[in-house]
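Structural characterization, general
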Amino acid sequence: MNSNRVKREINMQKKVFRWGIIGPGRIAHRFAQGIKAAVDAELYAVASRDVARSRVFARNYGAEKAYASYVDLLEDSKVDAVYIATPHCFHFDQALMALEAGKPVLCEKPLTVNAAQTRILMKTANLKGVFLMEALWTRFLPIYEDVRRWLEGGSIGRPQLLTSTFGFRAPLNYEDRLYNADLAGGALLDIGVYNLAITQWVLGRNAQYFSAHSHIGKTGVDELTSVDLFYEDGTASQFTCTIKADTENDFNIYGEEGRIRIHPPFWDATKATLTSKNESLTVEKPYIETGFEYEIEEAMRCIRLGEIESPKMTHAQTLATMTLMDKIRTAIGLKYPFE
Ligand SMILES: NC(=O)c1ccc[n+]([C@@H]2O[C@H](COP(=O)([O-])OP(=O)(O)OC[C@H]3O[C@@H](n4cnc5c(N)ncnc54)[C@H](OP(=O)(O)O)[C@@H]3O)[C@@H](O)[C@H]2O)c1
């Protein structure tokens, strides 16, 4: 283990784990509902630039504290960990501030806008001995355990080809973060990150080379991006992510001896089908509340053990995806105004 990692035994004696939320916007609601289903967890504090928004959110979810600034929340010694739910371009500064204050961080995807920022956060987490994880909640959904078992049990043989889409038609709104280049908008960082993270979860290694093409819209963000990844052994993964059209949104893993289909929407899946020479089997695994409860419980488990990263969503994996997204952005000519 890295000698800089000071194992911290946080909350071992405490029964209830107290979460704080930074940025109570759209996705924060799903997280707050997820906490209800997580064992021994509570939403304790919320911080917004707008204290009225904090108060309404805190009241809705029974949180004790409603702060008017993120710093105030980070200074509250009762907060055991923070969940950062602001647009991507703010993740780096806010996560850095939290880590430096000694607060464990679960930060929405993508962890940062680029790999350089990711490296700094990881270095800080290691130096401070504080937990940091990208909130790639899909990886913790129960159905993915079945998919893992099929893959490891050799049910489809060696994977040869992965195909997936993540697309939805987002109304053209230049103010919305999705279309806003100043907020690091576009399809790749917002949703392509799931296609990449699940590809990595299935294959467990980095692509040898890739090709990528995009439609960059009027606001300067990628509205549609298609990527082909190729691996040394001839395996390929192809995906398209788009905010211009509703797509199938399943994830298929074709092997030498069969196929696994993670049913749509694959990032929020409760159902998967295994088709092989010997069997055809569909499994359903509904989640308890919102599906976020599993990543919440994993973060709490790691933090209670004093870990700096989760073995299920490691720093190396997040960094590999961020590095690949940097390369894809270079290939498609997508640079944000603030970079
Ligand atoms: N896991 C998932 O399934 C999922 C789904 C959707 C989004 N996400 C991720 O969650 C993050 C937030 O997405 P969202 O759609 O929930 O965001 P959002 O509702 O647009 O904004 C969330 C919060 O961020 C702050 N914020 C928004 N715009 C800002 C601006 N222009 N300047 C400064 N602060 C701003 C606000 O915090 P204050 O209240 O402090 O003002 C707002 O309450 C994104 O990184 C996204 O990738 C994840």
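Along each chain, residue indices are assigned from 1 in the same order as the chain's sequence is written. At least 70 in pLDDT is required for a residue's local features to be given in this predicted model, at least 80 for side-chain atom pairs to be given and counted, and no such filter applies to totals for whole chains, interfaces and linings, which use all residues.

1. Thoughts on the site of the ligand
To be explicit about the condition: Each residue receives a C-beta atom built from its backbone; the residue is near a molecule or strand if that atom lies within 6 Å of it. For the purposes of this entry, the term helix denotes a DSSP run of H or I that reaches at least four residues, the term strand denotes a run of E that reaches at least two, and both are numbered from the N terminus. Note that Gly is not counted as nonpolar here; it falls among the polar residues with everything else outside the nonpolar set of Ala, Val, Leu, Ile, Met, Phe, Trp, Tyr, Cys and Pro and the charged set of Asp, Glu, Lys and Arg. An automatic or database domain assignment supplies the residue ranges for each domain.
As a matter of local geometry, the ligand sits amid 21 residues, with Gly-23, Gly-25, Arg-26, Ser-48 and Thr-86 nearest to it. When contributions to the shell around the ligand are tallied by element, the ones reaching two or more residues are α1 (26–37) and α4 (88–100). Looking at the shell around the ligand residue by residue, the class counts come to 8 nonpolar, 5 polar and 8 charged. Structurally, the shell around the ligand is a two-domain feature, drawing no fewer than three residues from each of domain 1 (17–138 + 293–302) and domain 2 (142–286 + 321–332).

2. Focus on the packing of helix α5 (residues 115–128) against helix α9 (residues 315–332)
Convention followed: What counts as an axis is a line fitted to C-alpha atoms, over the stretch in contact for a helix, and the angles between N-to-C directions run from 0 to 180 degrees. Roughly parallel means an angle under 35 degrees; roughly antiparallel, over 145; roughly perpendicular, 65 to 115; everything else is oblique. In a left-handed crossing the near helix is turned counterclockwise from the far helix by less than a right angle, and in a right-handed crossing that turn is clockwise. Contacts here follow a simple rule: the backbone-placed C-beta atoms of the two residues must lie within 7 Å.
Remark: α5 packs on α9, axes separated minimally by 8 Å, with the N-to-C direction vectors making an angle of 160 degrees. Overall, the two elements α5 and α9 adopt an arrangement that is roughly antiparallel. For the pair α5 and α9, the crossing hand works out as left-handed. Contacts between α5 and α9 involve Ala-115, Thr-118, Arg-119 and Met-122 on the former and, on the latter, His-315, Thr-318, Leu-319, Met-322, Thr-323 and Asp-326.

3. Side note on the nonpolar core
What counts is decided by this rule: Each nonpolar core consists of buried Ala, Val, Leu, Ile, Met, Phe, Trp, Tyr and Cys residues. Their C-beta atoms, within 7 Å, join them into a set. Here a residue counts as buried when 20 or more other C-beta atoms fall within 10 Å of its C-beta, as exposed when 12 or fewer do, and as partly exposed in between; the C-beta atoms come from the backbone.
Within the largest apolar cluster, 105 residues are counted, with the highest numbers of intra-cluster contacts made by Trp-19, Ile-21, Val-46, Ala-95, Val-105, Phe-131 and Leu-132. The greatest single-element share of this core, amounting to 9 residues, is contributed by helix α7 (residues 187–203). Among the domains, domain 1 (17–138 + 293–302) and domain 2 (142–286 + 321–332) are the pair contributing at least three residues each to this core. Dropping the residues within four chain positions of it, Val-105 is found in contact with Val-82, Ile-84, Ala-95, Ala-98, Leu-99, Phe-131 and Leu-132.

4. Things to note about the pairing of strand β13 (residues 271–276)
Selection criterion: For two strands to be treated as a pair, DSSP must find no fewer than two bridges joining them.
Of the pairings in the sheet, the one linking strand β12 (residues 258–262) to β13 comprises 5 bridges and is antiparallel in character. Each residue of the ladder has a partner; that of Arg-259, found in β13, is Thr-275. Count of turn residues in the β13/strand β14 (residues 280–284) antiparallel hairpin: 3 residues.

5. Quick notes on the sheet that holds β12
One open sheet holds the 8 strands; their spatial order is β8-β9-β10-β7-β11-β12-β13-β14, and the pairing between them is mixed. The open sheet is flanked by β8 (209–216) and β14, the only strands paired with a single partner. For this sheet, the mean angle separating the axes of adjacent strands, direction not counted, is 10 degrees. Of the pairings in the sheet, the one linking strand β7 (residues 159–167) to strand β11 (residues 251–255) comprises 5 bridges and is antiparallel in character. Its bridge partner lying in β11, Leu-161 is registered against Tyr-254. Across the sheet, α9 touches β8 and β9 (222–230), and the angle it forms with β8 is around 55 degrees.

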